Amino acid sequence: MGLFKRGCWEIPEIMGASAIGLIGICLATIGVYNYIRNDGDNREYRSVYYIVRPEDPRAKLLKNPVYTQYKC
């Protein structure tokens, strides 16, 4: 604790910037966690398309599914 107080007294710019940096890292970690938890990679418009079968668990998570029936 003494080292922290001495650092705040002698180099307040560095200690303040370090505190703000730590807060930013914590907020970024929380943001990435929420992005992954809420299926953040489920974009409606993609550059690469793939087929999802109806029994796939990801099928219910699609935002804008396009149902196409091919008659062969």
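Before reading further, recall that the structure is shown in the block above.
Conventions we followed
- Residues numbered from 1 in each chain as written.
- Predicted model: local features only at pLDDT ≥ 70, side-chain atom pairs only at ≥ 80, totals over all residues.
- Heavy atoms only, no water.
- Helix = DSSP H or I, 4+ residues; strand = E, 2+ residues; numbered from the N terminus.
- Buried < 20%, exposed > 50% of the residue type's maximum accessible area, 1.4 Å probe, protein only.
- Areas by Shrake-Rupley, 256 points an atom, 1.4 Å probe, with all protein chains shown as cover.
- Patch = residues over 30% accessible without salt bridge, like charges linked within 9 Å, V, L, I, M, F, W, Y side chains within 5 Å.
- Salt bridge = Lys/Arg side-chain N within 4 Å of Asp/Glu carboxyl O.
- Expected span 1.5 Å × (residues − 1).
- Contact = heavy atoms within 4.5 Å.

A. View of the overall build of the protein. Helices and strands together make up the secondary structure of the protein, namely 2 helices and 0 strands. A total of 72 residues make up the protein; the buried ones form 3% of that total. In the structure as shown, the protein presents an accessible area of about 7200 Å², 64% of it carried by carbon and sulfur atoms.

B. Broad picture of a nonpolar patch on the surface. A grouping of I23, L27 and I30 is seen on the molecular surface, where their side chains present a nonpolar patch of about 310 Å² in accessible area. Looking at the secondary structure, you find I23 in helix α2 (residues 12-37).

C. Focus on α2. For α2, which comprises 26 residues, the first-to-last C-alpha distance of 37 Å matches the rise-based estimate of 38 Å (1.5 Å per residue) to within 8%. Where α2 terminates, the next one or two residues include D39, which has phi positive at roughly 55 degrees.

D. Representation of the environment of V52. Tracing the chain through its elements places V52 in the segment after α2. Of the residues examined, V52 reaches a relative accessible area of 21% and is grouped as partly exposed. Here the alpha-carbon distance between V52 and L62, two residues 10 residues apart in the chain, equals 9.5 Å. With near-sequence residues (within four places) excluded, V52 lies in contact with R58 and A59.

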